[in-house]
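Given next are the chains, with one letter for each unit.
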Amino acid sequence: MGVIRGFFAVIASILLFLSIFSSVFLLILSSSLNYDNLQKESKEVIKGILEKNMNISSAVDTALPFIQIYCQTNSEYVFNAQGYTFTIPCNITSGGREGIIDNGVDYLIKGIYYKEYDCEFIDCFSKNEIPTFIFSMKSYVFLNNLFYIFLFASFLLLVLTFFLIKKKTNVPILVGSLLIASSFPLFKISNLINFIPNETAVKIIGLFFSSAPSISIKVLIAGIILLVAGIILRIFKAGVSISNIFSKFKKPETKETKKIANSKSK
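In this report, the structure presented in the accompanying data block is examined. (Residues numbered from 1 in each chain as written. Predicted model: local features only at pLDDT ≥ 70, side-chain atom pairs only at ≥ 80, totals over all residues. Heavy atoms only, no water.)

**What about the overall build of the protein chain?**
Reasoning step 1: Secondary structure summary: the protein chain contains 11 helices and two strands in total.
Reasoning step 2: The order of helices and strands in the protein chain, counted from the N terminus, is α-α-α-β-β-α-α-α-α-α-α-α-α.
Reasoning step 3: With 266 residues in all, the protein chain has 35% of them scored as buried.
Reasoning step 4: As displayed, the protein chain has an accessible area near 17000 Å², and 66% of this comes from carbon and sulfur atoms. (Helix = DSSP H or I, 4+ residues; strand = E, 2+ residues; numbered from the N terminus. Buried < 20%, exposed > 50% of the residue type's maximum accessible area, 1.4 Å probe, protein only. Areas by Shrake-Rupley, 256 points an atom, 1.4 Å probe, with all protein chains shown as cover.)

Given below as structure tokens:
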């Protein structure tokens, strides 16, 4: 019976590790695709792509005199260049080329992120020639929901593991070790991405893992705390056990010894 219980405990521990790793991985993806994070991290990447594909700086320099004249009597200017469309508020044209480009990139990011995609997440890959929807709220919501599913699965597996493991004090050590093991591969994810030969692809894929360093360190710290707590708990329990062993060897005090002790004190 003990062997069978041990076997299932090992299986449950392996599944718990995979579930924890998946939860952390999905948390990194969903956090990276949060609008505030994505807007901050993707701005320079998109500016680089636009500069490479359409020489955005030169295009804005050429159009700037016309924009300034147009904005004397209008509130916004629609700028089109090689398939890209930007709506530029006239009150930012005083910032010159950089102000216009920054505003145009923000407009582009917001348009992609909040666009309504009329398809299921998986089906969107086949319905969109360029899968820009992966940087949208649709992807963020999908990955965030998936994270909570795996988090709940991790909780169920943790409960199952707790009942399967004979020594309950090992549970914090096990969970702490699994959290630490889950965080280490994600620390190195940026190094793996850098092996991709295409520089633009490296930058785009890197947007999915912009939150990896901060989340990995938090998971690592949580793992270390649980591991140390588990070790302290085991030491404390071992100390109590040793104390109980020594108490068994202590000679019990009888009525006669009590009388002798009382007479000596008098």
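The structure having been displayed, the exposition proceeds.
**Side note on a nonpolar patch on the surface**
Reasoning step 1: On the surface, Ile4, Phe7, Phe8, Val10, Ile11, Ile14, Leu15 and Leu18 cluster together into a nonpolar patch covering about 740 Å² of accessible area.
Reasoning step 2: As for its placement among the helices and strands, leucine 15 is situated in helix α1 (residues 2-32).
Reasoning step 3: You can call leucine 15 partly exposed: its relative accessible area is 42%. (Patch = residues over 30% accessible without salt bridge, like charges linked within 9 Å, V, L, I, M, F, W, Y side chains within 5 Å. Salt bridge = Lys/Arg side-chain N within 4 Å of Asp/Glu carboxyl O.)

**As for the packing of aromatic side chains**
Reasoning step 1: Inspection of the entire model under this criterion finds 12 aromatic pairs.
Reasoning step 2: A ring pair is formed by tyrosine 113 and tyrosine 114, whose centres lie 5.0 Å apart and whose planes are at 75 degrees; its orientation type is edge-to-face.
Reasoning step 3: Taking the relative accessible area as the measure of exposure, tyrosine 113 reaches 2% and is therefore buried.
Reasoning step 4: Owing to a relative accessible area of 39%, tyrosine 114 belongs among the partly exposed residues under this scheme.
Reasoning step 5: Seen from their ring centres, phenylalanine 162 and phenylalanine 163 are 5.6 Å apart, and the 80 degrees between their planes marks the pair as edge-to-face.
Reasoning step 6: Residue class for phenylalanine 163 comes out exposed when judged on its relative accessible area of 56%.
Reasoning step 7: Taken together through their ring pairs, the aromatic side chains of Phe17, Phe21, Phe25 and Phe209 make up a single cluster.
Reasoning step 8: A cation over an aromatic ring shows up here: lysine 168 above the ring of phenylalanine 162, its NZ or CZ 5.0 Å from the ring centre. (Phe/Tyr/Trp six-rings, centres within 6.5 Å; stacked < 30°, edge-to-face > 60°. Lys NZ or Arg CZ within 6 Å of the ring centre and 35° of its normal.)

**So, the state of the cysteines**
Reasoning step 1: Under the criterion given, the structure shown has one disulfide.
Reasoning step 2: The partner cysteine of cysteine 71 in its disulfide is cysteine 90, sulfur to sulfur 2.1 Å. Because the sign of the S-S torsion sets the handedness, a value of about -70 degrees for the bond joining cysteine 71 and cysteine 90 places this disulfide among the left-handed ones. A residue pair is termed long-range when its members are at least 10 positions apart, and cysteine 71 in the loop between α3 (56-70) and β1 (76-81) and cysteine 90 in the loop between β2 (84-89) and α4 (96-113) qualify at 19 residues.
Reasoning step 3: On the accessibility criterion, cysteine 71 (13% relative accessible area) is buried.
Reasoning step 4: Look at cysteine 90 and you get buried, because its relative accessible area is 11%. (Disulfide = S-S within 2.5 Å.)

**Some thoughts on the pattern of salt bridges**
Reasoning step 1: Enumeration according to the criterion identifies five salt bridges in this entry.
Reasoning step 2: A single salt-bridge network, built from bridges that share partners, covers Glu44, Lys47, Glu98 and Asp102.

Function cannot be read off these values alone, since they describe shape.
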